Structures are given as structure tokens and as C-alpha cells.
Amino acid sequence: MSNEQQMAREQILELVKDYYERFLKTDKEKFSEGDRIPYSGRVFDEKEVVNLVDSSLDFWLTAGRYTDEFEDRFAKLLNVKFASLVNSGSSANLIAFMALTATELGERRVKRGDEVITVACGFPTTIAPIMQYGAVPVFVDVTVPEYNINVEMLEKALSDKTKAVMIAHTLGNPFNLKAVKEFCDKHELWLVEDNCDALGSEYTIDGETRFTGTWGDIGTSSFYPPHHITMGEGGCVYTNNPLLHRLVRSYRDWGRDCICPPGKDNFCGHRFDGKFGQLPVGYDHKYVYSHLGYNLKATDMQAAVGCAQLDKMVPFADARRSNWKKLHDGLAELSDVLTLPEPSENSNPSWFGFIMIVKEGAKDGKGNELTRNAITKALEDNNIQTRLLFSGNVIKHPCFNEFEEGKDYRVVGDLTVTDSVMNNAFWIGVYPGLSDAKIDFMIKVIKEACKNG
């Protein structure tokens, strides 16, 4: 880059900083009752905007220097060996699962018809890759107030076709990693941690504390705007296993055998001297495909935003914990009608939301039945955004009309708690953009709704 070009770039980026200060900067403390309170949202400063424009001036567009920086720093932050940036959390789950289907894994590979233990109470893209491939999800129930897998059902769900467990840490609350990991280790099963709602959460086993997503064989994250950090659209797959990392990269990058980064040729030095499959000797290694893959890379502009967000991951997690505690303390007096969330044992959650479930037989202050809809309507009428726990029970959705229980999926035991969550649970935000005044107003509205119905 010439001196003239560098000076021009610096001038542009100084103007970007000024633009942020004048037009994009917000004051989260500025609030009047009735102002919109979203369940989550992007929180950023001038660094993200500067990085975004800086990357755009390169006009590289696909994965580049910021992608390399993000993958390296993200892996170091989580203390894992390998991280691969993708274009969404859903793509991260797809790639994590597909890596387990590769022939390189031998007898441990997941084949069509094999089973994967999971839950129906969650986001559909945790289980979509399983079914899209032709494997069989085995659904078990969850527990309240953790909203995670009931580990007592694991052995009952096991069959001679079981190859993996793939589940999410619900709303930032880690599932019982100790029990799940022991089960997977005992039966030589893969463990995929969907960590999309839990970045920054911690879990301790036998005195060792790690971030969630790093205890299993593969972890996944999402960087959609409501998540713990954001790059707009984006996700990541991470592992300590070199073979799984190689497979993740292959499935992400068209299924190719070559490991050359974008825009670089003959990185391995053996581009024209290999023999692969039934191809002629010396066939260009850059166009050898060892898997039927995808193109799920993120752009360097997304990665640039993510690099600025990485510095905020820990303080964002601390803010989420603080906001969650304020809600928990403020709503404690409603424990007769609402079951409040509780952190899983041995965990330190980086909460994604504050979930509540209306107790069976609960009455409002007038003696009438208290319903979830009455509370969420009161919140939404006061411009407070609410959410249900994603699919509630995914097998009740129209997308399952074409599938047959016992053939395309199995249910072990019943899903009584899952159905209760579907019918009675809701959640509100704890993201770092919330002020004490906003949290106090949410508490006030919920209390009034429980009193007045």
C-alpha cells in the first residue's frame, strides 16, 4: 500500500469515527416508559464500524485477513486448537454434523439410519441436519427450571444405532455436561455442543472450568445480531480434533480435498502430483472433491465486525449475568405463579434470555386463571419484546407432517415437560443494551400482569 493510499484510508476512517459519534451512537440510559425494549440487539461502538469500512476498502469481499484474524483470536479466546468461520449458526450446526458423516471416521461415522440423541424443545436447526442427511433424531424430555436435556433418559434412549448426542445449551444455561460427556465417553459417541445461545458460559467438571462448546468433540456458535457477539450473519465451528477440523473445512469449502486458502494456489506444494479416486495422475488438487460439501464461508466484512466484537465478549457476558440477576431478584415474589429460571449445577451461564413458565393452576390477583398469553400480551402492549422457547416442541410443527414416528424419528418416554414449555413458557431479554430503568419497567409490567390477568 502506497503512502498516498494509506493516508487516504486513514482520513476515511477518521470520518467514519466522526459519523459514528454523530449518527450511530446511542445512550442506553435514555428511556421513557413505552419506549421499545427489544429482547436483544446489536451493541457496538466505533470500532466495529471502522473495521467494517476498512475491510470494504480492501474490496476482497470473500474470506481474507480479517477472517484469519477472527479464527485465530476466537480459538485462543475459547482455548481450542481450531476454529472455522461460517456464514451462520445454522450453517455451523450443518457443518458440525456433516463432518461426522465422513468416511474418514471409519466405524464411528454417522450413516443414514443411525441415531442421534437430542431434544425436541429447542431451535430446529439443531436437529435439521440430522434429518436432512437421513439419520434419526431420538427425542427425550427436558427439565425445568434448567430447560435442558433430562440426563436420566440418556441410557433409555441408547440403541445399537446410536452414534452421537447433539444438543444446545438452552438460553445460555449449560446442560449437564458432566453426565452427558460421561455417557458419550462410555459408549464412544460423538458430542456436538450447540453453543449458539451460550457463548461465554462456563462449566466445571472435576475442578476444571472451560467455556461451553469446548467440552465436546465439536462446538458451534452463532453471530446473528441478537447473539452474544455479532457480525450480522455469521457462525463458527470449533474443535480440538485435527481430523474433525480438516473435515469441517472440507465440507465448508465445497467438499474439496485441497486446503489452499481463498486466492492462494499450491499452498501444499503438491498441486499437480497426486492420485485421487479415478482421476488421472496429477489432476489439479484444487479441484479434487473428497466430500459432497457446500460453500458456507463468511465474508471478510462480517469477520471485521466480529474482530471488534471479540474484545467485548467477556464484558458482554458479565452484563448479561448482571441483568439476569436483577430480573431474578425483582421477580422473586412471583414464585407462587411463575417458575423462574435457575442455573445448572456447576455452571456459570452467560444468559441469552430470562425464561419463565406459568405454573399449573396459577391464578391472577382476581382469582382467574393466569396464562402465558395474558402476560406476554401485557408486555407487548407496553412495547416490551417477548419470545417463546423457539419451537417449543418441534415435532408438533408443520415441518414434521411428512415424517413418521418410529421411522424418521423416535421419542423415548414422553415429552410432558417439553409440551408444558410449549404451552406455558416465555422469555424476555437480558442483553447488554438494557439499562436498570428498562429492567425495572419489565419487572413492573410482569407484576401488574400477574396481578390483573
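For the structure itself, consult the block above.
Residues numbered from 1 in each chain as written. Predicted model: local features only at pLDDT ≥ 70, side-chain atom pairs only at ≥ 80, totals over all residues. Heavy atoms only, no water.

Draft legend 1. Layout of the nonpolar core. Ranked by internal contacts, the top residues of the largest apolar core, which has 36 residues, are Phe-97, Leu-100, Phe-139, Val-237 and Phe-400. Elements with a minimum of two residues in this core: helix H4 (89-99), helix H5 (128-133), strand S6 (162-168), strand S7 (190-194) and helix H8 (242-252). Considering every element that reaches this core, the biggest residue donor is H4, with 7 residues. Excluding residues within four positions of it along the chain, Leu-100 makes contact with Leu-105, Arg-108, Arg-109, Val-110, Ala-164, Trp-190, Val-192, Ile-218 and Leu-244. Grouped together as the second largest cluster of nonpolar side chains are 33 residues, Val-119, Val-138, Val-142 and Ile-205 included. (Core = buried A, V, L, I, M, F, W, Y, C linked by side-chain atoms within 4.5 Å. Buried < 20%, exposed > 50% of the residue type's maximum accessible area, 1.4 Å probe, protein only. Helix = DSSP H or I, 4+ residues; strand = E, 2+ residues; numbered from the N terminus. Contact = heavy atoms within 4.5 Å.)

Draft legend 2. The pairing of strand S2 (residues 115-119), seen in detail. Here S2 lies mainly inside the structure; 5 of its 5 residues are buried. What you see with S2 is no split at all: Glu-115, Ile-117 and Val-119 on one side and Val-116 and Thr-118 on the other are buried throughout. Pairing of S2 with strand S3 (residues 136-140) involves 5 bridges; the strand directions are parallel. Directly across from Glu-115, in S3, lies its bridge partner Val-136. In this view, the connection linking S2 to its parallel neighbour S3 by way of H5 has right-handed handedness. Bridge analysis of S2 against S6 gives 3 bridges, and the strand direction is parallel. Across the sheet, the residue bridging to Val-116 is Ala-164, located in S6. (Pairing = 2+ DSSP bridges. Right-handed = clockwise from strand over helix to strand, strands pointing away.)

Draft legend 3. Looking closely at the sheet that holds strand S8 (residues 202-205). Reading across from one edge, S9-S8-S13 is the order of the 3 strands in this open sheet, with antiparallel pairing throughout. Two strands bound the open sheet, and with one partner strand each, they are strand S9 (208-211) and strand S13 (347-348). Where S8 meets S13, 2 bridges bridge the pair, whose relative direction is antiparallel. Looking at the pairing, Glu-202 lines up with Asn-348 of S13.

Draft legend 4. Highlighting the packing of aromatic side chains. Under the criterion given, the structure shown has 18 aromatic pairs. Considering the side-chain rings of Trp-324 and Phe-354, the 5.7 Å spacing of their centres and the 55° angle between planes classify their relative orientation as tilted. Of this pair, Trp-324 sits in helix H10 (residues 313-331) while Phe-354 sits in strand S14 (residues 353-358); the two residues are 30 residues apart in sequence, bridging distant segments of the chain. The residues Trp-324 and Phe-354 share a single accessibility class, namely buried. Between Phe-352 and Trp-427 the ring centres are 5.5 Å apart and the planes differ by 45°, which places this aromatic pair in the tilted class. (Phe/Tyr/Trp six-rings, centres within 6.5 Å; stacked < 30°, edge-to-face > 60°.)

Draft legend 5. Inspection of a nonpolar patch on the surface at higher detail. On the surface, Trp-254, Tyr-283, Tyr-287 and Tyr-289 cluster together into a nonpolar patch covering about 450 Å² of accessible area. Its place among the elements puts Tyr-283 in the loop between H8 and helix H9 (300-310). On the accessibility criterion, Tyr-283 (36% relative accessible area) is partly exposed. (Patch = residues over 30% accessible without salt bridge, like charges linked within 9 Å, V, L, I, M, F, W, Y side chains within 5 Å. Areas by Shrake-Rupley, 256 points an atom, 1.4 Å probe, with all protein chains shown as cover. Salt bridge = Lys/Arg side-chain N within 4 Å of Asp/Glu carboxyl O.)

Draft legend 6. Spatial organisation of the environment of Thr-418. Note on placement: Thr-418 falls in helix H12 (residues 416-424). With 292 residues separating them in the primary sequence, Thr-418 and Thr-126 have C-alpha atoms 16 Å apart. Residues in contact with Thr-418, not counting those within four places in the same chain, are Ala-120, Cys-121, Asp-141, Val-142, Gly-392 and Asn-393.

Draft legend 7. Region of interest: H8. For H8, the complete set of buried residues consists of Leu-244, His-245, Leu-247, Val-248, Ser-250, Tyr-251 and Arg-252. Looking at the buried residues of H8, the elements they touch are helix H3 (65-78), strand S1 (82-86), H4, S7, strand S10 (218-222) and strand S11 (235-239). The opening residue of H8 is Asn-241, an N-cap whose side-chain oxygen sits 2.9 Å from the backbone nitrogen of Leu-243. At the C-terminal side of H8, Trp-254 shows a positive phi close to 70°. (Polar contact = N/O pair within 3.5 Å; in protein donor to acceptor, adjacent residues only side chain to side chain.)

Draft legend 8. Expanded view of the packing of H4 against H8. Two numbers describe how H4 lies on H8: the axes approach to 9 Å, and their chain directions differ by 125°. Here H8 runs oblique to H4, going by the angle between their axes. In terms of crossing hand, the pair formed by H4 and H8 is right-handed. On the side of H4, the interface is formed by Ile-95, Met-98 and Ala-99, while H8 contributes Leu-247, Val-248, Tyr-251 and Arg-252. Split into classes, the residues belonging to the contact of H4 with H8 amount to 6 nonpolar, no polar and 1 charged. (Axes fitted to C-alpha atoms, helices over the stretch in contact; angles between N-to-C directions. Parallel < 35°, antiparallel > 145°, perpendicular 65-115°, else oblique. Left-handed = near helix turned anticlockwise from the far one by under 90°. Nonpolar A, V, L, I, M, F, W, Y, C, P; charged D, E, K, R; others polar.)

Draft legend 9. Geometry of the packing of helix H1 (residues 3-24) against helix H2 (residues 46-58). Where H1 meets H2, the closest approach of the two axes is 9 Å, and the angle between their N-to-C directions is 140°. The hand of the H1/H2 crossing is right-handed. Touching Arg-9, Ile-12, Leu-13, Val-16, Lys-17, Tyr-20, Glu-21 and Leu-24 of H1 are Glu-46, Val-49, Val-50, Val-53, Asp-54, Leu-57 and Asp-58, all from H2. Tallied by class, the residues present in the contact of H1 with H2 amount to 9 nonpolar, no polar and 6 charged.

So far we have only geometry, and geometry alone does not tell us how the molecule works.
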